[in-house]
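Inside the fold
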Amino acid sequence: MHWSDEIAQKIIARRPGKEEYVCAAGISPSGSIHIGNFRDIATSWFVVKALERAGKKARLLFSWDEFDRLRKVPRNVAAVRDDYDRYIGFPYVDVPDPFDSGASSYAAYFEKEFETSMEQFCIPLDYRHQAQMYRSGAYRDYVLHCLKKRGEIFDILDTFRTQEALPGEREAYYPVSIYCPVCGRDTTKILSLNEDETVAEYECACGHRGTFDFRTQFNCKLAWKVDWPMRWAYEGVDFEPGGKDHASPGGSYDNSRVIAEKIFGYEAPFFQGYEFIGIKGATGKMSGSSGLNMTPETLLKIYQPEVILWLYARCEPTKAFDFCFDDGILRQYFEFDKQYNDYIEGRCDEYGRITMDDCLVRGTTIHTVPMSLLVQLGSIVNFQPPMLETVFRKINMPYTYEDFADRLFLAQYWLSECAPDQANTLRRTRDFALYESMSEPEKEEIRLLAEYLREGGHTLDDLNARLYAIPKQVYGEDAENLKQIQGRFFKLVYQLLLNKERGPRLYLFLQSMDTARILPLLDFSAPKTEEEEHPERFAEKKEEEPAKKAFVPGEPDPVAPVAEEIGKDEFLRIDLRVCRVVKCQEIRKARSNLKLTLFDGIRERVIVSSIKDFYTPEELIGKKIIVVANLSPARLTGVTSEGMLLAGTNNACGCRVIFVDDSIPEGTRIC
């Protein structure tokens, strides 16, 4: 049984007679929506489908938590606006669009960004905009009810705390925040309520004091662990997933479940915690500094929407999986294609059939043109459809543009942005240096291959057999280490043609290519051309990079006395994290600073460090370093820096960055 059907059965068993079941998901538009948040929607969507399979009516309710406060300015916003700290404490819906895109607000910009990408998944979402819900007065009676029950709510929350409540804390507790009408922030404090607990007297950190009538004024919001169960009761929610942090014992769900039952008289929905999503191989041009965030929109540049849904559907929510920006994506496409073909031909088991049913969103046929071949062969013909059609015909795979159109751009984009090193480009000239380093038998192998290709008229199978036969012909059928000899022959051919030791399957590659382009690179009987004789004259000129400043060591600095003692709690406030250097660049007009793009185990961040005199970018890329991750962002030489690396500075050594062992995972805390 599929995991979604198991959940659906439990939901039906709890409320067997319900006319329509409500599965919920929600996201706060705090910035570009990360692909990990998409698991909220995917999990609920698959449960909706399972309920429908069981003959029930169900819908997917999606809440935009746009009435939450802005807590932190995200990196892509800070990159274009350095004045948005002033909006911290505002509800997202009241913060202006930072990109001047025409969106009505900060929230609207990121909501539109996400909703546009969601259209490709064809998932029907019943949207709720929480700012509109609150400000319309829809939740008025619930807010008033919570004010009357505030002591009970405090007692419930207190049972989940490890520290005892302070004297007077219960009496001063209010489960709602008021947005100040003067400064716009939620930096208000309720001082008292009137006798019927409907009107509050409050003051704001900005200095404003006033009264707030909860019967007629609605610019307020319940605290998260009260707001969540309130909405369950209001909407009649039957199922909602959440990240494993919410699912942990004593976490948000446990708190909210008790509040739902004891305060609102509503049995909490069935809850499913889920594991977080990983990212593999997010290197090269695919980085936050290039403006590409890890959003569904980004994924849709390299994954078909059906493949994205398939990855979520086949994996139980409690299990993690990775989206791959490295060549792992080719394996994922291969596995999807295999299961899809089994599904079409009726060979799938029940789990595989339901998985595929749930992820086919377009109602059209998927053409399982191998993504690996599109990548390998597409790069050789510059991804030109007519030439690719010719290539596929030559290797007895007569795919047409109609067959591979959906995947062609995805393959091209992945290769150029994520794996440019895997592109296959024919050499311009013969590699005489390599040829002259070969033994005579190896040269004979190349001569025989060129002769065979020149004759033409062979089939794909003939060519494959001939490639293995040539080393036997030269070295003898009974030669020792024949497999190693054949492997060496293949490497030499790849090097002579592509300037690397590996490439597409050799027989497919040779058969697909125009012989007139290959033979000149394998035939060394003709004299060297002028370009081969003087390659330096034809080489592309590159801008000379400034040399790293030579450091002259001096006498060691005097050893400074140990600083004033601090306690463990003070030390632990400093969040030291292992980060990997993804990218390193010089900053225009910056004399000593370098801009480092780091992966900290969760996301990419940028820091600026004055180490230009001691390191070139190439010396840092790929290295793992230690960073103060919770240092307040600062603007340095025009770049917002989100942290500071650890280094030792001494007259005897200059500035030396502290590197860590490569086996330590990114995100590991140093303590």
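1. What about the sheet that holds strand β6 (residues 199-204)?
Taken in spatial order, the three strands line up as β5-β6-β7 in an open sheet, and their pairing is antiparallel. Across the chains shown, the open sheet's two edge strands, defined by having one partner strand only, are β5 (188-193) and β7 (209-213). The mean angle between the axes of side-by-side strands here comes to 35°, regardless of whether they run parallel or antiparallel. Relative to β7, β6 runs antiparallel, the two being bridged by five bridges. Bridge assignment links Glu 203 to a residue of β7, and that residue is Arg 209.

2. Focus on a negative patch on the surface
Together, Glu 564, Glu 565, Asp 569 and Glu 570 give the surface a local cluster of negative charge. Within the secondary structure, Glu 564 sits in the loop between α25 (535-538) and α26 (568-572). A residue is classified by how much of its surface remains accessible, and Glu 564, at 75% relative accessible area, is exposed.

3. A look at the sheet that holds strand β14 (residues 594-599)
With antiparallel pairing, the five strands of this open sheet are ordered in space as β15-β14-β13-β16-β19. The open sheet is flanked by β15 (604-609) and β19 (644-645), the only strands paired with a single partner. Of the pairings in the sheet, the one linking β14 to β15 comprises six bridges and is antiparallel in character. Each bridged residue has a counterpart across the sheet, and for Lys 595 the counterpart in β15 is Val 608.

4. Here's the deal with the packing of aromatic side chains
Taken as a whole, this structure holds 46 aromatic pairs when the rule is applied. Centroid distance Phe 38 to Tyr 312: 5.3 Å. Interplanar angle 65°. Geometry classified as edge-to-face. With Phe 38 in helix α2 (residues 38-53) and Tyr 312 in helix α12 (residues 305-314), this pair connects stretches of sequence that are 274 residues apart. Look at Phe 38 and you get buried, because its relative accessible area is 2%. Between the aromatic rings of Phe 62 and Tyr 127, the centroid separation amounts to 5.7 Å while the plane-to-plane angle is 85°, which identifies the pairing as edge-to-face. In this pair, Phe 62 sits in strand β2 (residues 57-64) while Tyr 127 sits in strand β3 (residues 126-129), placing the two residues 65 residues apart along the sequence. When its relative accessible area of 0% is taken as the criterion, Phe 62 is described as buried.

5. Let's talk about helix α17 (residues 401-417)
The terminal C-alpha atoms of α17, which comprises 17 residues, lie 23 Å apart, in line with the 24 Å expected from a rise of 1.5 Å per residue. Taken as a whole, α17 carries its principal kink of about 45° at Arg 407. Buried within α17 are the following residues: Asp 403, Phe 404, Arg 407, Leu 408, Leu 410, Ala 411, Tyr 413, Trp 414, Leu 415 and Glu 417. On its buried face, α17 sits against α13 (328-344), α15 (371-380) and α16 (385-394).

6. What about a nonpolar patch on the surface?
On the surface, Ile 566, Phe 571, Leu 572 and Ile 574 cluster together into a nonpolar patch covering about 320 Å² of accessible area. Along the chain, Ile 566 turns up in the loop between α25 and α26. Note on Ile 566: relative accessible area 52%, which makes it exposed.

7. Thoughts on the environment of Gly 503
Within the secondary structure layout, Gly 503 lies in the loop between α21 (482-498) and α22 (506-512). Residue classification places Gly 503 among the partly exposed positions, given a relative accessible area of 30%. When the C-alpha atoms of Gly 503 and Gln 376 are compared, they prove to be 7.5 Å apart, with 127 residues separating the residues in sequence. In contact with Gly 503, not counting residues within four places along its chain, are Asn 424, Tyr 494 and Leu 498.

8. Points about the state of the cysteines
Cysteine pairs can be covalently joined through their sulfur atoms, and such a bond is termed a disulfide. According to the stated counting rule, one finds zero disulfides in the structure shown. No disulfide involves Cys 418; its nearest neighbouring cysteine sulfur is the one of Cys 324, lying 11 Å away. What makes Cys 418 buried here is its relative accessible area of 8%. Take Cys 579: it sits in no disulfide, and the sulfur closest to it among the cysteines is that of Cys 584, at 14 Å. Of the residues examined, Cys 579 reaches a relative accessible area of 0% and is grouped as buried.

9. Observations concerning the pairing of β2
Among the eight residues that make up β2, six are buried, leaving the element largely enclosed by the rest of the structure. Summarising the sheet, strand β1 (residues 20-27) and β2 pair through eight bridges and their orientation is parallel. Paired with Glu 20 across the strands is Lys 57, a residue of β2. Taking the sense of rotation as the criterion, the β-α-β connection linking β1, α2 and β2 turns out right-handed. By the bridge criterion, four bridges tie β2 to β3 in an arrangement that is parallel. Considered in β3, the bridge of Phe 62 is made with Tyr 127.

10. Looking at the environment of Ala 526
With respect to the secondary-structure elements, Ala 526 resides in the loop between α23 (515-522) and α24 (530-533). Separated by 115 residues in sequence, Ala 526 and Ala 411 place their C-alpha atoms 38 Å apart. Beyond its immediate chain neighbours, meaning those up to four positions away, Ala 526 contacts Arg 430 and Phe 432.

11. Here we look at the nonpolar core
With 114 residues, the main nonpolar core has Phe 38, Ile 41, Ile 123, Tyr 303, Phe 323, Leu 497 and Leu 510 as its most contacted residues. The element contributing the most residues to this core is α2, with nine residues. In contact with Ile 123, not counting residues within four places along its chain, are Phe 38, Ile 41, Trp 45, Leu 60, Met 118 and Leu 309. Ranked by size, the runner-up nonpolar core spans 44 residues in total, among them Phe 154, Leu 157, Cys 220 and Trp 232.

12. Section: helix α4 (residues 106-118)
Relative to the 18 Å expected for 13 residues at 1.5 Å per residue, α4 spans 19 Å between its end C-alpha atoms, a close match to the ideal helical length. Elements in contact with the buried residues of α4: β1, α2, β2, α3 (75-78), β3 and α11 (296-299). N-capping of α4 is provided by Ser 105, with a side-chain oxygen placed 3.3 Å from the backbone N of Ala 107.

13. What about the packing of α12 against α13?
Running from N to C, α12 and α13 point in directions that differ by 80°, and their axes come no closer than 11 Å. As far as their axial angle goes, α13 and α12 are roughly perpendicular. Residues Glu 306, Val 307, Trp 310, Leu 311 and Arg 314 of α12 touch α13, and the partners they reach there are Gln 332, Tyr 333, Glu 335, Phe 336 and Gln 339.

Thresholds applied
Residues numbered from 1 in each chain as written. Predicted model: local features only at pLDDT ≥ 70, side-chain atom pairs only at ≥ 80, totals over all residues. Heavy atoms only, no water. Pairing = 2+ DSSP bridges. Helix = DSSP H or I, 4+ residues; strand = E, 2+ residues; numbered from the N terminus. Axes fitted to C-alpha atoms, helices over the stretch in contact; angles between N-to-C directions. Patch = residues over 30% accessible without salt bridge, like charges linked within 9 Å, V, L, I, M, F, W, Y side chains within 5 Å. Areas by Shrake-Rupley, 256 points an atom, 1.4 Å probe, with all protein chains shown as cover. Salt bridge = Lys/Arg side-chain N within 4 Å of Asp/Glu carboxyl O. Lys, Arg positive; Asp, Glu negative; His and termini not counted. Charge placed at Lys NZ, Arg CZ, Asp CG, Glu CD. Buried < 20%, exposed > 50% of the residue type's maximum accessible area, 1.4 Å probe, protein only. Phe/Tyr/Trp six-rings, centres within 6.5 Å; stacked < 30°, edge-to-face > 60°. Expected span 1.5 Å × (residues − 1). Bend = angle between axes of the 7 residues up to and from the residue. Contact = heavy atoms within 4.5 Å. Disulfide = S-S within 2.5 Å. Right-handed = clockwise from strand over helix to strand, strands pointing away. Core = buried A, V, L, I, M, F, W, Y, C linked by side-chain atoms within 4.5 Å. Polar contact = N/O pair within 3.5 Å; in protein donor to acceptor, adjacent residues only side chain to side chain. Parallel < 35°, antiparallel > 145°, perpendicular 65-115°, else oblique.

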